[in-house]
Structure formats: C-alpha cells, structure tokens
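The residues making up each chain are set out below.
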Amino acid sequence: MIHEGLPTQLPDIDPEETQEWLASFDAMLDDRGRDRARYVMLRLLERAREKQVGVPALRSTDYINTIPPEREPWFPGDEEIERRIRAFIRWNAAVMVSSANRKGLEVGGHIATYQSSASLYEVGFNHFFRGKDHDGGGDQIYIQGHGSPGVYARAFLEGRLSEEQLYRFRQEVQHGKGAGLPSYPHPRLMPDFWEFPTVSMGLTAINSIYQARFNRYLHNRGIKDTDQQRVWAFMGDGEMAEPESLGAIRVAAREELDNLTWVINCNLQQLDGPVTGNGKIIQELEANFRGAGWNVIKVVWGREWDALLAKDVNGVLVNQMNTTPDGAFQTYSTEDGAYVREHFFGGDTRLRKMVEHMSDTQIEKLPRGGHDYRKVYAAFDAASKHTGQPTVILAHTIKGWTIDALEGKNATHQMKKLTLPDLKKFRDRLYLPISDRDLEESYERTGGAPFYHPGADSPEIEYMLERRKALGGSIPRRVNRATALKLPGDELYAELKQGSGKNKFATTMAVVRLLRDWMKDPEIGDRLVPIAPDEYRTFGMDSMFPSAKVYNPGGQQYESVDRKMLLSYKESAQGQMLHEGISEAGAMASATAAGSAYSTHGEHMIPFYIFYSMFGFQRTGDSIWAMADQLARGFLIGATAGRTTLTGEGLQHADGHSPLIAATNPAIVHYDPAFSYEISHIMQNGLARMYGADAEDVIFYLTVYNEPVSMPAEPSDVDVEGILKGIHRVSVAEGEGPRVQLMASGVGFPWVKEAARLLAEEWGVQPDLWSVTSWNELARDGAAAEEWNLLNPGEEPRSAYVRDKLAGAPGPVVAVSDYMRAVPLQIARWVPADYRVLGADGFGFADTRPAARRFFHIDAQSVVVQALQSLADAGEVPVEKVVEAARRYRIDDPTAVKDVQQEGGDA
C-alpha cells in the first residue's frame, strides 16, 4: 500500500533494528521538539534521494527560497543601473495605460500586472533572453498578455517605438495603420514585433510546452540545430486555474524538456481577488509540478529576510511562513509595519524578539522574492543550467508593486487611471527627475503624465543596448528567414484526378493518399508534419508507421505487440509523425508550433493535423484562433465530418456546424470537397498560397468523410477557378421539361445526383448539378464585393462570384449539405433565383446513414420533394405532384428506410 507517497504494510525483516530507529526518533522528538525532528527527517529524505534509495520526493517544501543565500551565484550586472532602467520602464508602462484612459478616450488597459513582474522580465532581458541574431538561433519568449505595456515601454527606451505610438496605445485604426499599439501580444497586428499571442489565458502554457517539444523534434530530425534555444513562458498564478495551464505538464516532464522554463508570477491575486485566500498557491503549484516531474525553484523572499532566517534556529519563522495563508500576505502588503509586527511577528515571543531591532518602516519594506533582482537572477541561472527536467520558477510578488494607489488591492486589475497625486507619489518612489510643474502641465494638457526617456547617450540606454547586443538583439522580434520551398508539380496530383473507377473510396482516403505522395516528394517530403490525436488507424494512416514512424525522443525501447505485422507500430527519435495521444489541445499546440516554424526557426514546416469529427473546431476553436494570430500556416483536416456520416457515434460526434465556426476565423480557408480531383486542386492551391512565392498567412481547413463513394475522373473541361472559388457546374440537363439547379457540397453530392435521376425519370424535371466546394469562400466573396461597392460608389459595381456563376441558369435553386441550414444559407443573398436550403439542423444521434438523412430530410428523396415544391411555387408543376412525391417517398418517416443497407459504416 502507498500512503502519502510512502510504502506501508511491507514485511519487517529486522524488527529489532526498526524499533531502535523509531526509539531514537521518539527520543529526539521528546528532547528537541517537533521542529528539530522535522528538520532531521527532511535531511534524511534528502540524503536517501542522494544515495538513490528510491524514497519518493516530497510534494512541497518549506515556504522559503529554494536557493539559499550561500548558493546564489555572483551577479554579473550593474544592479544600480538596472534598477534605474526598471524605474524608467515602470513609469512609462503605467503612464501609457493611464493616458489611454484619459477622458474622452478610456480604452482600458492593465497597469498592475507588469508592475509586479518587472524584475522578472528585466533579469531575462538583461542577462538571459537570446535574440534572433544569437549564434544559437535565439530563444522563444512567451510574454504574459497583461504585461505588454512594460514590453512596449522597454522598446520605447531602445528606440524601437516612438513616444507617439505609446500615447496611442489601444488606438490601432483612428490614427492610421501602424500608428498605434495593440492591447496585447498580437503577431497579426504587429507582425514585426510580437511573436506569440498569449492573452487567451492557459494557451501560453500548453503552447510553450509543445513549442519546446517541437524544437527537439526539429533537432532530432536533423532539420535544425536547436540545442542552444530555450523557451521561456511567463504566466500568472491565477492563470494556472485554466485547465490548459496544467493539462500538459506531464508531457514536458516525460520528454525531459530541459529547454523549457516557466516563470509564474505569484502575486497571489486573480482578476477580482485572491487566487486562494485561505490557502497557499505557491505551495499548491509546487506540489503539482513536483508530482509531475518538474524542477521547481521558489523565489519567495527578498534578501532582507536572509538575516532573519539565519536566526531562525528553532524554525519558528519558517513555521509562521508555512502556516500564514495568502489572504493574510495580501493584507500585509497593504498595511504598515506596525500592523505586520503585530499580526505576523506578534504571535510568538521568539518571533517578536527576532525583529525587535527593526523599525516599523524596515518591517514594512521586507520584500517579496520576485522583486529582488539577485534572487531572481539566481533562479534564472539555475533554471538555464538544469538538465533532464523542465523548470518552473514560482516567484512571490505584489500586484501593482511600487504604485501606492494599486499595491495589493483587490480592485487593482480594474484600476486603469492614475490621478495627479498618485503620479507624484509614483514618481517619488521611482526617484525620477520629473518636476511637479512638468507633471501638472502635462496632466492639464493631455490628461496624463509625460513619458520619460533619459536620452540615447545616457548610461542606462547604452547599458540596455549593449546587453541586448551581446544577447543577440532586441526582443520580442518576429522575422521570416525561411527559404522558399520548391513545390511539387501537376504530375504528383495525376492519380487523384483519375477517380475511383469501379471502386469506391472516401474523401478522407483521398486526402491521406495525397499526403503519402507529398511525403515521398524530395523537396517537401521532410517538411510534412503529420499530427493526430490517437486516430491514425481510424484515418487509414497506419501504413505510414513503418516508414515515417511516430516521433518519440527516447526511441522505441520495447518490442511492439504487432511487430510481426507489416503495418506494425514504430517509434523513433527521428520519427516524422506526431502522435499526441487523446489530446486535441496538444495536437493544436503542435500544429501551431509547426505552422509558425518559418518565423520562429526560419524553416518551412507543413503541419497536417487530421482530427476526428467536430473535435477540432468545436473543441479547440480558441487554439485555432491563437494559431491564426500567430500567423501560422498549414492544413487542418476535419475527418469523419458531417452530421450523418459518422454512423452510430451519436450526438457529440455528429458535426453539423464546424464550417460555421470556421467562418468566424478570418484566416481559415474552408473547403468541403466532394471529389478526389477537387481535393487535388484544393490541396495544391493550399501549398501554393501558404508556401509559394507570395505566401499568405492563412490556414486551409478541409472537411472530409469516411463514407465510400464513387469518384468521377476529372473532366477535360474542369473548372479549376470554380473549384477554388467555391462552386463549379458538374453537369447540364439535356432533356425537355422544367429546369432546376441542384447544389451540394462534400458527401451531399451523391444525394443530389440520385435526386437528379429521380426527377428526370419519375417527374419529368431536368436538373443541372453543381458542386459547392466552399460555402464559406462564396459568402466571403459576396461580402467583399458589397464592401467594395460601399467604398467605391462611383465605380462600376462588383458582383458576387456565385451570382455570376448562376446567372442564366434556369429554374429555382435547391441546396443541400450534411451541415445545418445556416451553412448554405450564407450565400442566399447572392443567389439570383428562388433559393431553397435543406440541412441537418438539431442534435445528431446514432443510426444508419439512410435513417439519419431521412430524419433530417436531406436525402435524395427529400431533395426531389423540395425541388418539386419550388417548381410548384413557380407554377411550373402542379402541386399535386409535390403531394404525391412526399407520400410515395415517405420523407417524414425514417422507418421507411430501415431496410436500406449502408457500406463503410465504421468510424
């Protein structure tokens, strides 16, 4: 049995010796007390681990610094100059946000987060963070979203941003493009500056883990030497409540990502109040990370506490630190020294005596460790030298530190404006040479304080620039140094264009077949990054295991159970396939890292993330949004798509709406192809648009299906432009009779094809057939045409592409897809005819495809009835025909198709 990490109920092979040890412990406890006994036990556990006895590690340690004073390294910088630099940055960051909230503007912002973390960032900027020009390639720095004002303020001192830009914080349009600054780290909005979007809390954590892992992937596959590159990620303790923050920490430990360092700013506050007022968030996080296998470094107290802790021979101070809850520490940060003396030190005579030589002011100024430059430097230095584990630094700080009006208060996050008296106190605390007169004049004239710059030739600025030059240049900085890829020619796509002949196959298989061909290409083959969350076999990709292999930095240290089979599971440190286990969030993080490698590493990589049903766009839509913000590129493949194709799986697997979610993301180019030849053109175009000479920052999303269907060969007069723009005509009716236009996307095309046969043979109606490869792109084109017309009223108006394509096509238009009606209804405004839409609205369920399609009224028979009804409304057929068809086909009765067989029904 294991109890609190220690084995119990084991047989005692020497009871007498055991009793001697227990008696010795009891005697020490009686003679020296619990504190001494606890200390000795901790030392024994430490020695046991040193001797590799195998005693489990403790889940948490005392509430003190991990690195004792005697083990702190020499600090190589000029601490006084760096203190002044921090003061300049603190001031400009706060003034920027406060000015943005002047009367009549009031666009918001956050002051307190950066003020609490300034020392954490500045230690990195001056001593650790390597820029893009570093010989090793540069580090990747994930900056906490709410800390962006401090980064802007530093860039201003370096000469990278102007005072005017700082004054236009959160004003990105009204002054002209590039004249203002975005609120948070947004690469899409500042593509030469920001590298990683981080303000969607929790995503920094998981994305940084998979970025560090992808760095190793590039190295192990021989694509780039990333040995000297480190990933630094800054987060808040409140942010750790997001499931994504801690959800993947075991991945980092399992893969020994010692190229990853997290810095968690533990100011004990979330947005509205304490993170855990009755508990201790640093201790809680330490237990989480230690248990997951991380190296944990706590920076709890500043150097002024060292002398007190040295006097703590009986452990009473450490015990008080261990038992004081966060809510109390937050209160102490807002009270004077007399209050702290009474409530923290006053409960024990030994504690009172320990601080009797200190004034109330000295007690009030006892600092938290995250504000002590030397303590933070020691932690960063230890983290950068640690091997075999990722490191997390837990730094104790005070939110809003150095701003009296904000420090430690619950409402700090919402306080965005500093009054004139607040600014004067802040200036005095930072010892800035700004006169009252200058402050008052600026406040009267602009509603804010003046920014401060000591001059380009000042010692502080020279020091800043020299340090950044030595470390490889200013950061954050985003560059694109990737060499253009030579893309495969038309011949590679010839096989898909031949169709399926007498056989049938699903569009998922067509996409996978093309991926296999791409991976064989000598130019781009090594650049492909297949990604799947534990579904490779589902998508028929197990044939890639023996050749491409699954990436595992430790290789395969076991004999696979299926090793004697042709398609056995193979792992390798040089493996190409990223198998993320059951983690769509992890797969998205890998796709983001791969898709942005052209900028982070100067290497084009092509993520090919294939996922199951709706579990890409619905489950990880926020991650896809961040991927777009990061200007990543690549392919997202929504396999087993549609509301009725994933037969038997039921409600939470029945995807009838992913195209709508995709439509909300401006970077997503969505296609829902029906034929393999459409797929060949779409995928080839995707490569060209994302990796060609004039590369675009877009992401191609294809929805494909697991239902086998007959694939026609590409016609000689194929309309490639129509395929890529979203619609092309497949066939034109030749008989006599009323005309109707039938449109479908994806797996819906066989329904309209069968409906066309029924209409012609049984009802005398002649349909034209259209394949809609993208409802979304057609809708965007129509909206773009209308916007152009709005902005150019004197010019010849533009027309929507779908309107032009359907111009002159006789009869009403009936559209159908395996998605809810809202998907094809996106183009209703631009269809120049009576437009009827059928769709799978509502929740899905488990049954056969014919039963599900009859239930949703989207099968061929329902299309026939809808076409006849539209013709009847136009007076072209008698309404009696509509009634007869509805009764004959029993379109309202799913039991009518209970005996209809299906094929390829498995997921």
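Residues numbered from 1 in each chain as written. Predicted model: local features only at pLDDT ≥ 70, side-chain atom pairs only at ≥ 80, totals over all residues. Heavy atoms only, no water.

**Q** Now, about the pattern of salt bridges: what can you tell me, with residues and values included?
**A** Inspection of the entire model under this criterion finds 55 salt bridges. Between Asp 542 and Arg 537 there is a salt bridge; the shortest N-O distance is 3.7 Å. Given a relative accessible area of 18%, Asp 542 falls into the buried group. A salt bridge links Arg 821 to Asp 841, with the shortest nitrogen-to-oxygen separation between them at 3.3 Å. Taken as a pair, Arg 821 in the loop between strand E19 (813-816) and strand E20 (835-838) and Asp 841 in the loop between E20 and helix H33 (849-856) lie far apart in primary sequence, 20 residues in all. For Asp 841, a relative accessible area of 31% puts it in the partly exposed group. Residues joined by salt bridges that share partners form a network here, namely Glu 79, Arg 303, Asp 372 and Arg 374. (Salt bridge = Lys/Arg side-chain N within 4 Å of Asp/Glu carboxyl O. Buried < 20%, exposed > 50% of the residue type's maximum accessible area, 1.4 Å probe, protein only. Helix = DSSP H or I, 4+ residues; strand = E, 2+ residues; numbered from the N terminus.)

**Q** Talk me through empty space enclosed by the protein; I want residue IDs and the actual numbers.
**A** Summed over the entire model, instances satisfying the criterion amount to 8 cavities of 30 Å³ or more. Taken as a whole, the largest cavity spans an internal volume of roughly 80 Å³. Phe 125, Phe 129, Arg 130, Gly 131, Lys 132, Asp 139, Ile 141, Ile 143, Glu 195, Ile 475, Pro 476 and Arg 477 together form the lining of the largest cavity. Grouping the amino acids of the lining of the largest cavity by side-chain chemistry returns 6 nonpolar, 1 polar and 5 charged. (1 Å grid on protein atoms, 1.4 Å probe; cavity = no way out; pocket = protein on both sides within 12 Å on 5 of 7 lines; lining within 4 Å. Points joined across faces, edges and corners; volume = space filled by probe spheres on them. Nonpolar A, V, L, I, M, F, W, Y, C, P; charged D, E, K, R; others polar.)

**Q** Outline the sheet that holds strand E17 (residues 739-744), supporting the account with residue identities and numerical values.
**A** Here we have 5 strands laid out as an open sheet, ordered E16-E18-E17-E19-E20, and mixed in their pairing. In this open sheet, the two strands that pair with only one neighbour each are strand E16 (727-731) and E20. For this sheet, the mean angle separating the axes of adjacent strands, direction not counted, is 25°. In terms of strand pairing, E19 meets E20 through 4 bridges, oriented parallel. Counterpart to Ala 815 in the pairing with E20 is Val 837. (Pairing = 2+ DSSP bridges. Axes fitted to C-alpha atoms, helices over the stretch in contact; angles between N-to-C directions.)

**Q** So what's going on with the packing of aromatic side chains? Residues and values would help.
**A** Scanning the entire structure with this criterion turns up 50 aromatic pairs. Ring geometry for Tyr 671 versus Phe 700: centroids 5.8 Å apart, planes at 35°, classification tilted. Taken together, the positions of Tyr 671 in strand E14 (residues 668-671) and Phe 700 in strand E15 (residues 699-703) put the pair 29 residues apart, joining distant regions of the chain. Side by side, Tyr 671 and Phe 700 carry an identical accessibility label, which is buried. Relative to Tyr 889, the ring of Trp 763 lies with its centre 6.4 Å away and its plane at 75°, an arrangement referred to as edge-to-face. Separated by 126 residues along the polypeptide, Trp 763 in helix H30 (residues 749-763) and Tyr 889 in helix H35 (residues 879-889) bring together distant segments of the chain. A connected cluster of aromatic rings, assembled from ring pairs, spans Phe 75, Tyr 114, Tyr 121, Phe 125, Phe 128, Phe 129, Trp 232, Phe 234, Tyr 373, Tyr 377 and Phe 380. Seen from the ring of Phe 505, Arg 513 lies directly overhead, with NZ or CZ sitting 4.8 Å from the centre. Across the ring face of Tyr 598, the terminal group of Arg 633 is positioned such that the distance to the ring centre comes to 3.8 Å. (Phe/Tyr/Trp six-rings, centres within 6.5 Å; stacked < 30°, edge-to-face > 60°. Lys NZ or Arg CZ within 6 Å of the ring centre and 35° of its normal.)

**Q** Give me H33: which residues, what numbers.
**A** Most of H33 is tucked away, with 7 of its 8 residues classed as buried. Considered for burial, the residues of H33 that qualify are Arg 849, Pro 850, Ala 851, Ala 852, Arg 853, Arg 854 and Phe 856. Against the buried residues of H33 lie H30, helix H34 (860-873) and H35. Of the residues one or two after H33, His 857 is the one with positive phi, at around 60°. (Contact = heavy atoms within 4.5 Å.)

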